[in-house]
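# Architecture and fold: a report
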Amino acid sequence: MSALTELCRQMASCHACGLAQQRTQVVPGEGADSAEVVFIGEAPGYNEDRLGRPFVGPAGAFLDELLALVGMSRQDVYIANVVKCRPPANRDPLPGEILACKPWLDRQLEMIGPKVVVTLGRFSLARFVPNESISKVHGKPRHVGDLICFPMYHPAAALHQGSLRKTLEEDMQRLPDVLKELKGAAEQGDRDNGGQQLALF
Ligand code: URA
Ligand code: SF4
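Here the residue numbering is sequential within each chain, running from 1 through the sequence in written order. Each chain is given a letter, starting from A, and each ligand a number, starting from 1, according to the order in which they appear as written. With pLDDT at 70 or above as the cut-off, local features in this predicted model cover only qualifying residues; side-chain atom pairs require 80 or more to be listed or tallied, and sums for whole chains, interfaces and linings still use all residues. Computation of side-chain values covers all heavy atoms of the structure but excludes hydrogens and water.

### Some words on the overall build of the protein chain
Within the protein chain, the secondary structure is distributed over nine helices and six strands. In this setup the radius of gyration rests on C-alpha atoms only. A globule is expected at 2.2 Å times the number of residues raised to 0.38. In terms of C-alpha radius of gyration, the protein chain reaches 17 Å, essentially the compact-globule figure of 17 Å for 201 residues. Expressed along its principal axes, the backbone C-alpha trace of the protein chain runs to roughly 55 × 40 × 30 Å. When burial is assessed residue by residue, the protein chain has 49% of its 201 residues classed as buried. Long-range contacts, defined as pairs at least 24 residues apart, comprise 70% of the intrachain contacts of the protein chain with a sequence gap of at least 6. What sets the accessible areas is the Shrake-Rupley method with a 1.4 Å probe; for residues, cover comes only from the shown protein chains. For the protein chain, the exposed area adds up to about 10,000 Å²; of that, 51% sits on carbon and sulfur atoms. The charge count includes Lys and Arg as positive and Asp and Glu as negative, but it does not include His or the ends of the chains. Note that the charge is assigned to NZ on lysines, CZ on arginines, CG on aspartates and CD on glutamates. Across the protein chain, the mean location of the 22 positive side-chain charges is 4 Å away from that of the 24 negative side-chain charges. Think of it this way: any DSSP run of H or I at least four residues long counts as a helix, any run of E at least two long counts as a strand, and we number them from the N terminus. Burial classification: accessible surface area is computed with a 1.4 Å probe over protein chains only, and a residue below 20% of its type maximum counts as buried, one above 50% as exposed, and the rest as partly exposed. Residue contacts are defined here by distance: any two heavy atoms, one from each residue, within 4.5 Å place the two residues in contact.

### A closer look at empty space enclosed by the protein
With a 1 Å grid laid over protein atoms only, a set of points is called a cavity when a 1.4 Å probe fits there but cannot get out and a pocket when it is open yet has protein on both sides within 12 Å along at least five of seven lines; lining residues have an atom within 4 Å of a point. Grid points are joined across faces, edges and corners, and a volume is the space filled by probe spheres set on the points. For the structure shown, the criterion picks out one cavity of 30 Å³ or more. Of the volumes computed, that of the largest cavity is approximately 110 Å³. Along the walls of the largest cavity sit 16 residues, with Cys14, Cys17, Cys85, Cys101 and Trp104 positioned nearest its centre. Among the elements that take part in the lining of the largest cavity, helix H4 (residues 95–112) stands out by supplying four residues, more than any other. When the residues that make up the lining of the largest cavity are grouped by side-chain class, the tally is twelve nonpolar, one polar and three charged. Under the scheme applied, nonpolar residues are Ala, Val, Leu, Ile, Met, Phe, Trp, Tyr, Cys and Pro; charged residues are Asp, Glu, Lys and Arg; polar residues are all the others, including Gly.

### Observations regarding the packing of helix H3 (residues 58–69) against helix H8 (residues 163–172)
For any two helices packed against each other, one specifies the crossing angle of their axes together with the interaxial distance. Here the axes come from fitting lines to C-alpha atoms, over the contacting stretch only for helices, and the angles between their N-to-C directions go from 0 to 180 degrees. Closest axis-to-axis distance for the H3/H8 pair is 9 Å, and the angle between their directions is 40°. By the angle class used here, H3 and H8 are oblique. Remark: the crossing between H3 and H8 carries right-handed chirality. Contacts from Phe62, Glu65, Leu66, Leu67 and Leu69 in H3 reach Arg165, Leu168, Glu169 and Met172 in H8. For the contact of H3 with H8, the class distribution of residues is six nonpolar, no polar and three charged. Oblique is the label for any angle not covered by the other classes, which are roughly parallel (under 35 degrees), roughly antiparallel (over 145) and roughly perpendicular (65 to 115). When the near helix sits turned anticlockwise from the far one by under a right angle, the crossing is termed left-handed; a clockwise turn instead gives a right-handed crossing.

That is the geometry; function is a separate question.
What follows is the structure, encoded as structure tokens:
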């Protein structure tokens, strides 16, 4: 069993916050164990809680479409959430719940070691870049520690507000360039043994 699978197994019996009371099951996340790109949503909804898998409802269908736009599928990336258990009636996760769940996501990211974290929605953005408004920073990659954080709107937002669909599609289409730029910088760095400054925000 991989260390990541073992971590997800441990997560399944977590009772570190009140969300443990009403969930059907924990939704740890899934995808490639050493994915270059990790997508991080907010919290499981109704469908995710029933199936134990992230993004399997309507927002997930749109996320699949967005991945397909750039020639990717779920198996190429890792998909997880800030909070691993469904908040009752899909309410926003509370600060205490986000904090209680933080060590799980921290461990996942440590184990996967992605280059890019795509934050989906404002709770996920706040986890990496506090006090920024998503309307200002979406689609603009930035360094956060060793990672590139690439903020996007939450796919569910486009289901309520149709105009955001195009924005999400446009932002997603920038992802291959971010990865390409990272690879170019790494190769350049190898050649001249000095770090190449990325054209990031
Ligand atoms: N919305 C999320 O933020 N995460 C899911 O897993 C599903 C919907
Ligand atoms: Fe544990 Fe996170 Fe579920 Fe709370 S939301 S019970 S911290 S796994």
